[in-house]
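Per-entry structural report
These are the residues of each chain, in order.
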Amino acid sequence: MRTGLEGKTALVTGASRGIGKATALALAAEGANVVVSSRKQDALDAVAAEIRAACPDVGVLARAAHVGDADQAAACVDAAVAEFGRLDVLVNNAGTSPYFGPLADIDAAAAAKTVQVNQYAVVEWTQLAWHRSMREHGGAVINIASVGGMVTEHGIGYYNATKAAVIHLTRQFAVELAPRVRVNAIAPGLVKTALARALWEENEEAIAEALPLGRLGEPEDIAHAAVFLAGSAASWLTGQTLVVDGGSIVRPAIA
Ligand SMILES: NC(=O)c1ccc[n+]([C@@H]2O[C@H](COP(=O)([O-])OP(=O)(O)OC[C@H]3O[C@@H](n4cnc5c(N)ncnc54)[C@H](OP(=O)(O)O)[C@@H]3O)[C@@H](O)[C@H]2O)c1
């Protein structure tokens, strides 16, 4: 499958580790220049060095930004456009889950933080990509949602509500930014990253056994889906959420 990503420029938020890092590496492997962003410059510099070693022919820019800080977000997108001339792919991947517990007990600060990073940042970074490059040159936006945005779960109900919002924002942006920009989402199931460690570390075998495909996700499982959605093979696809979850949400209901 040809992706057509060679020479394109992709910006990935939350790229210092986990799904974001794997996605940046996978896009670079397809020949895209990559801009990696998260809050920690040191971690990003290490990721950039890894990408340069693996893909010496692509451009790499490491630029720290808190996704919820409007000035830092604008500076990051501006730096990407200044360095590479345009922005073709935006992966809104940064995410947080600061509260575990029932909705009945979440406080306003934890709720606001979850919305700021998981939900409003998707709006803000997509606006920036549109106004500073994609309105003129076109492009693709990929939002990292979650299967949790489609089902109920104990403990992470508020996080999941922000992911449900991301699925709807994906549909709305797809309509508003068409036909120049395609906007799609990925809904990962449980992937072995730092963010989800508390959900899988002590229970991995049992969770894997309950999944149709018999294993938890790796960051690369999501990265491969992102490459597909970013590339030319997905050129007639917009507004959709691709579930990549080892089969978790198609398991039979309890009889
Ligand atoms: N792992 C799963 O099971 C799973 C399932 C469904 C969906 N997801 C989603 O997948 C995405 C990636 O998560 P992950 O599992 O790969 O987690 P991870 O390994 O913990 O990575 C999270 C990334 O987000 C960055 N980040 C966190 N807060 C940020 C902020 N305020 N501003 C900028 N960057 C920030 C972190 O970097 P810094 O600390 O350097 O800022 C890090 O690079 C998230 O949207 C998550 O909700 C994950």
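Residues numbered from 1 in each chain as written. Predicted model: local features only at pLDDT ≥ 70, side-chain atom pairs only at ≥ 80, totals over all residues. Heavy atoms only, no water.

1. Observations regarding the overall build of the chain
Where we set the bar: The secondary structure listing takes helices from DSSP runs of H or I that are at least 4 residues long and strands from runs of E that are at least 2 residues long, numbered from the N terminus. Our radius of gyration is a C-alpha quantity, and the globule rule it is checked against amounts to 2.2 Å times the number of residues to the power 0.38. The classification of residues rests on relative accessible area computed with a 1.4 Å probe and restricted to protein chains. Under 20% of the type maximum is buried, over 50% is exposed, and intermediate values are partly exposed. By definition, residues are in contact when any of their heavy atoms lie within 4.5 Å.
For the chain, the count of helices and strands is eight helices and seven strands. On C-alpha atoms alone, the chain measures out to a radius of gyration of 17 Å, which is about the 18 Å that the 2.2 N^0.38 rule sets for 255 residues. Expressed along its principal axes, the backbone C-alpha trace of the chain runs to roughly 55 × 40 × 40 Å. The buried share of the chain, reckoned over its 255 residues, is 51%. Counting contacts in the chain only where the partners sit at least 6 residues apart, residues at least 24 apart contribute 73% of the total.

2. Some points on the environment of R135
Assignment of secondary structure puts R135 in helix α4 (residues 108–137). The class for R135 is partly exposed, based on a relative accessible area of 46%. R135 sits 45 residues away from R180 along the chain, and the two C-alpha atoms are 6.9 Å apart. For R135, the contacting residues outside a window of four places in its chain are W130 and R180.

3. Details of the environment of A74
By secondary structure assignment, the location of A74 is in helix α3 (residues 70–84). Given a relative accessible area of 15%, A74 falls into the buried group. Along the chain, A74 and W125 lie 51 residues apart, while their C-alpha atoms are 7.9 Å from each other. In this structure A74 touches L128 and R132, once residues within four positions along its chain are discounted.

4. A closer look at the site of the ligand
For the record, the criterion: Put simply, a residue is near a molecule or strand once any heavy atom of it comes within 4 Å of that molecule or strand. In protein, a polar contact means a hydrogen-donor-capable atom and an acceptor-capable atom, both N or O and within 3.5 Å, with residues adjacent in sequence counting only if both atoms are side-chain atoms; elsewhere, any N or O pair within 3.5 Å suffices. Reported accessibility uses the Shrake-Rupley method at a 1.4 Å probe radius. Residues are deemed covered only where the shown protein chains occlude them. Each residue is assigned to one of three groups, with Ala, Val, Leu, Ile, Met, Phe, Trp, Tyr, Cys and Pro labelled nonpolar, Asp, Glu, Lys and Arg labelled charged, and all others, Gly among them, labelled polar.
The local shell around the ligand holds 29 residues, among which S16, R39, N93, Y159 and T193 are the closest. A distance of 2.5 Å separates an oxygen atom of the ligand from a polar atom in the side chain of T193. Here the ligand has 890 Å² of accessible area as a free molecule, and 97% of this is covered by the chains. Residues of the shell around the ligand, tallied by class, amount to 15 nonpolar, ten polar and four charged.

5. Observations concerning a nonpolar patch on the surface
Test applied: Here a patch means residues that are over 30% exposed by relative accessible area and free of salt bridges, tied together within 9 Å if like-charged and within 5 Å if nonpolar (Val, Leu, Ile, Met, Phe, Trp, Tyr). Just to be clear on terms, a salt bridge is a Lys or Arg side-chain nitrogen sitting within 4 Å of an Asp or Glu carboxyl oxygen.
Side chains of M150, V151, V243, I249 and V250 sit close together on the surface and give an oily, nonpolar patch of about 380 Å² of accessible area. When you line up the elements, V243 lands in strand β7 (residues 241–244).

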